[in-house]
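Examination of the molecular architecture
Here are the chains, one letter per residue:
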Amino acid sequence: MAHDTLLAEAVSLAEEIAFNPATHVRWAKRMLHANAVNDNIRAVLRMEDEIFGQAARSPAFGEAARAFVEKRDPAFNS
């Protein structure tokens, strides 16, 4: 990536992350931090399964599914 586009790319990525539900971003960060130092693949997969299950049961998941069917952007943070 060229140096002159680095800031724009970082801002774009930050906006993409910020668009998501805050709870889900928090879960992902927790999972990434915990799994970064965990070399037990079974434990990593268990944690991912737990977090993905929580996400699938959340209101944000329902909103994402409705938005997909309705061909619109989800309204997570409104």
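Here goes a summary of the coordinates provided.

Criteria and cut-off values
- Residues numbered from 1 in each chain as written.
- Predicted model: local features only at pLDDT ≥ 70, side-chain atom pairs only at ≥ 80, totals over all residues.
- Heavy atoms only, no water.
- Helix = DSSP H or I, 4+ residues; strand = E, 2+ residues; numbered from the N terminus.
- Buried < 20%, exposed > 50% of the residue type's maximum accessible area, 1.4 Å probe, protein only.
- Phe/Tyr/Trp six-rings, centres within 6.5 Å; stacked < 30°, edge-to-face > 60°.
- Expected span 1.5 Å × (residues − 1).
- Contact = heavy atoms within 4.5 Å.
- Polar contact = N/O pair within 3.5 Å; in protein donor to acceptor, adjacent residues only side chain to side chain.

As for unusual backbone geometry
Phi is positive for Lys71, close to 55°, though the residue is something other than glycine. By the secondary structure assignment, Lys71 is in the segment after helix H4 (59–69). The exposure class of Lys71 is exposed, given its relative accessible area of 76%.

Focus on the packing of aromatic side chains
All chains considered together, the criterion is met by one aromatic pair. When the centroid spacing of 5.7 Å and the interplanar angle of 65° are considered together, the rings of Phe19 and Phe76 count as edge-to-face. Placement of the pair is Phe19 in helix H1 (residues 6–19) and Phe76 in the segment after H4, with a sequence separation of 57 residues. Phe19 gets classed as partly exposed once you look at its relative accessible area, which sits at 38%.

Section: helix H3 (residues 41–56)
Over its 16 residues, H3 runs 22 Å from end to end, which matches the ideal 22 Å to within 8%, given 1.5 Å per residue. Along H3, the residues that are buried comprise Ala43, Val44, Ile51, Gly53 and Ala55. Buried residues in H3 make contact with helix H2 (22–36) and H4. At the N-terminal boundary of H3, the capping side chain belongs to Asn40, with an oxygen 3.0 Å from the backbone nitrogen of Arg42.

Distances and angles like these do not, on their own, reveal function.
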